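# Overview (structure and organization)
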Amino acid sequence: MALRKPLCLPSLLLLLLLLLLLLPQADTRSFVVDWNQDRFLLDGVPFRYVSGSLHYFRGGLPAWLLRKPNVRLRTSDPDFLAAVDSWFKVLLPKIYPWLYHNGGNIISIQVENEYGSYRACDISYMRHLAGLFRALLGEEILLFTTDGPEGLKCGSLEGLYTTVDFGPADNMTKIFALQREYEPHGPLVNSEYYTGWLDYWGQNHSTRSITDVTRGLENMLKLGASVNMYMFHGGTNFGYWNGADEKGHFLPITTSYDYDAPISEAGDVTPKLFALRNVISQFQEIPLGPLPPPSPKMMLGPLTLYLDGYMLDFLHLLCPQGPIHSILPMTFEAVRQDRGFMLYRTYLMYPVFEPTQFWVPNNGVHDRAYVMVDGVFQGVLERNMKHKLFLTGKMGATVDVLLENMGRLSFGSNYSDFKGLLEPPILGQTILTHWLMFPLEVDKLVKWWFPPQLLKNSRPQIPSGPIFYSTTFSILDSGGDTFLFLPGWTKGQVWINGFNLGRYWTKRGPQQTLYVPRPLLFPTGSLNKITLLELENVPPQPEIQFLDSPILNSTLHKTYIYSLSADTQSDSEPMELSGH
């Protein structure tokens, strides 16, 4: 048999070139809008996505922006744009290699978020963002915006694909028609389809029925729309990371962000997920295989907690650098206290024999104040709510006002939300001056410095006011996820093994338990420590329990809104609160 002539070098090069052309190349990958057929194309093939949002850490705009008190957030203010540019010039280059056309998995990127709901409506700012994203990410990536129906006018921008967001109770036909006014051609997209809703302290736990959610999804998929479910998995606002809404008044969000989502706060699948999966399977293939089972859950207790001491006894540890002196009180931002707590202290310059009104004008408590005279708890002042107390005291008495940052505004008219005492308090007719301000490092105290030597100062027999309690416990076997229940406690912060689980507010609700992931707990044979900072009143039996299921829907007290008129004398009246 004759030997075949070996391929010459040009032939080898041609063969290699053909092979390379047959292999998938990054530059052949594309995700684009098909303007003629009102759809997306992925690598040239018609494509519709059905996706879901996962809860992540919720930082928002950083507090240090407000160290320039005149900064105008989310506008073309040069100070704000300088911070925006500095951030995105670091972040976006890290994203660039992962864009779909570069071989990654990012098919599109959202610019801003529901900007039309923000009061500024600064088109120059949106143009700046669009130009910045294009300069750093290139022309190929699909950039989009999303807004509710009321926000499309100020939130959309030519050159950014306009999408909408709405829930199952909204008029789908009307809202998609609004999208068509801004995008006459291209796919219909709901970028936030609400599977549930978030909770505010003092309101009932929000839910969306399975029937409503699945019917709405089915109707959108019948139209060929792309849908992203918000939330698909809720989560937890650990530490101080809950946000707040501004809807005529201040609405802080609960620690739980369970959201009545298809996947629960603890990561377990729910009946809502199975129902949604059944709907999606009627329109496109879904991943095969079993879903993971629920994580093991654990019960423990009740456990008795023991007094560590009053917060005021630990000022030398909570603020080791010492206080800041000022004639008038300064905000958190002015003293670089980004979150948590700050104590304001002054002294009475004259005796106050009769109960005298103590208040802060112009709704100047941001967000909640715990007032003490000579260490004795007097009561609470609260933003938009209760705003006056009556105090007595001898000349030279110490007046302490502990301010709590309850969460920064994350939706609506989120103007510069300074925290602390925004105005000097008034006692009777006297403006109180000469303040000492203690920025408190509570997390460091709990994690590194406890247990200190308990100070034997004279205190009331019934514990009240900001006070630390703790205990230790061990778990059996391998344990599991669990939910901390604090029956009878009022309001405060809780840590397990130094990790800040978040805020509890048993007396207001609706959330009654805090999610405790199993990795936070030490294994069998080791002691776990739980620490509470109770801000108001300790129950007669200072106990806690760990449950194997959450309690998220128990509002114990109605929420009231109080008049904020200068005379501070009007009666309170109930106010119905609603979501956005």
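Residues numbered from 1 in each chain as written. Predicted model: local features only at pLDDT ≥ 70, side-chain atom pairs only at ≥ 80, totals over all residues. Heavy atoms only, no water.

### Things to note about the overall build of the protein chain
From N to C terminus, the protein chain includes nine helices and 35 strands. When the accessible surface of the protein chain is split by element, carbon and sulfur atoms take 58% of a total near 27800 Å². (Helix = DSSP H or I, 4+ residues; strand = E, 2+ residues; numbered from the N terminus. Areas by Shrake-Rupley, 256 points an atom, 1.4 Å probe, with all protein chains shown as cover.)

### Here we look at the pattern of salt bridges
Per the stated rule, a full pass over the model turns up 23 salt bridges. A salt bridge links Arg368 to Glu382; the nearest nitrogen and oxygen atoms lie 2.5 Å apart. Here Arg368, found in strand β18 (residues 368-373), pairs with Glu382, found in strand β19 (residues 376-382); they are 14 residues apart in sequence, far enough to count as distant. An identical accessibility class is assigned to Arg368 and Glu382; each is buried. Between Arg383 and Asp417 there is a salt bridge, with its nearest N and O atoms 3.0 Å apart. Residue Arg383 is found in the loop between β19 and β20 (388-393), and its partner Asp417 is found in the loop between β22 (408-412) and β23 (420-421); the two are separated by 34 residues along the sequence. Each member of the pair Arg383 and Asp417 is classed as buried. Each member of the salt-bridge network shares a partner with another, and the members are Asp367, Arg383, Asp417 and Lys419. (Salt bridge = Lys/Arg side-chain N within 4 Å of Asp/Glu carboxyl O. Buried < 20%, exposed > 50% of the residue type's maximum accessible area, 1.4 Å probe, protein only.)

### What about the nonpolar core?
Ranked by internal contacts, the top residues of the largest apolar core, which has 27 residues, are Phe133, Leu137 and Leu143. Those elements giving two or more residues to this core turn out to be α2 (78-95) and α3 (123-137). Residue contacts for Phe133: discarding those within four places in its chain leaves Phe88, Leu92, Ile109, Gln110, Val111, Gly138 and Leu143. Counting 25 residues, the second largest nonpolar core, distinct from the first, contains Tyr240, Leu317, Leu445 and Leu535. (Core = buried A, V, L, I, M, F, W, Y, C linked by side-chain atoms within 4.5 Å. Contact = heavy atoms within 4.5 Å.)

### Observations regarding the state of the cysteines
Across all of its chains, the model carries one disulfide by this definition. Two residues share a disulfide in this structure: Cys121 and Cys154, whose sulfurs sit 1.9 Å from each other. What sets the handedness of the Cys121 and Cys154 disulfide is the S-S torsion sign, and at about -85° it is left-handed. Linking Cys121 in the loop between β5 (108-110) and α3 with Cys154 in helix α4 (residues 152-155), this pair joins segments that are 33 residues apart in sequence. Overall, Cys121 belongs to the partly exposed group, its relative accessible area being 37%. (Disulfide = S-S within 2.5 Å.)

### Comments concerning the side chain of Asp77
Along the polypeptide, Asp77 turns up in the loop between β4 (50-54) and α2. Here Asp77 occupies a buried position and makes no salt bridge, while the nearest side chain of opposite charge, Arg72, is found at 4.1 Å. Within polar-contact distance, the side chain of Asp77 engages the backbone nitrogen of Arg72 at 2.8 Å. Asp77 has contacts with Asn70, Val71 and Arg72, leaving out every residue within four places of it along the chain. (Lys, Arg positive; Asp, Glu negative; His and termini not counted. Polar contact = N/O pair within 3.5 Å; in protein donor to acceptor, adjacent residues only side chain to side chain.)

### Considerations on the environment of Tyr194
One can find Tyr194 in strand β8 (residues 189-194). Along the primary structure Tyr194 and Arg208 are separated by 14 residues, whereas in three dimensions their C-alpha atoms are 8.4 Å apart. In this view, Tyr194 contacts Glu114, Asp165, Phe166, Gly167, Pro168, Arg208, Val213, Tyr230 and Tyr259; residues no more than four positions away in its chain are not counted. A polar contact of 3.4 Å, which involves the side chain of Tyr194, links it to the side chain of Glu114. One polar contact links Tyr194 to Asp165, side chain to side chain, over a distance of 3.5 Å.

### Remarks on the pairing of strand β32 (residues 528-534)
When a strand is regular, its side chains alternate between the sheet's two faces. For β32, a buried count of six out of seven residues is recorded, marking the element as mostly surrounded by other parts of the structure. Summarising the sheet, strand β27 (residues 467-473) and β32 pair through seven bridges and their orientation is antiparallel. Of the residues in β32, the one forming a bridge with Ile467 is Glu534. In the sheet, strand β29 (residues 492-496) pairs with β32 via five bridges, with the strands oriented antiparallel. The residue bridging Gln493 from the neighbouring strand is Leu533, located in β32. (Pairing = 2+ DSSP bridges.)

### What to know about unusual backbone geometry
Of note, the amide linkage connecting Tyr230 to Met231 takes the cis form, showing an omega dihedral of -5°. We note that Glu114 has phi near 50°; this positive angle belongs to a residue other than glycine. In this model, Asn362 sits at a positive phi of 55°, which is unusual for a non-glycine residue. Counting through the fold element by element, Asn362 comes out in the loop between β16 (352-359) and β17 (365-366). Here Asn362 falls in the exposed class, since its relative accessible area comes to 64%.

### Observations regarding the confidence of the model for the protein chain
Confidence in the prediction for the protein chain averages 90 pLDDT; 88% of positions are at 70 or higher. Counting interchain partners and residues more than four positions distant, the pLDDT-below-50 stretch residues 1-24 has two contacts. Predicted confidence is poor over residues 559-580, with pLDDT under 50, and the contacts of this stretch with residues over four places away or in other chains come to 51 contacts. (pLDDT = per-residue confidence, 0-100.)

### Side note on the environment of Phe238
Its place among the elements puts Phe238 in the loop between β9 (226-233) and β10 (243-246). The sequence separation of Phe238 and Arg503 amounts to 265 residues, and the corresponding C-alpha distance is 8.0 Å. Look past the residues within four positions of Phe238 in its chain and what remains in contact with it is Phe499, Asn500, Leu501, Gly502, Tyr515 and Pro517.

### Quick notes on the sheet that holds strand β7 (residues 161-166)
In space, the six strands of this open sheet follow the order β4-β9-β8-β7-β6-β5, with parallel pairing throughout. The sheet terminates laterally at β4 and β5, the two strands that pair on one side only. With strand direction ignored, the average angle separating the axes of adjacent strands in the sheet is 30°. As paired strands, strand β6 (residues 142-147) and β7 are joined by four bridges and run parallel to one another. Its bridge partner being in β7, Asp147 is matched across the sheet by Val164. Along the sheet, helix α5 (residues 172-182) contacts β7 and β8; its crossing angle with β7, the most-contacted strand, is approximately 165°. (Axes fitted to C-alpha atoms, helices over the stretch in contact; angles between N-to-C directions.)

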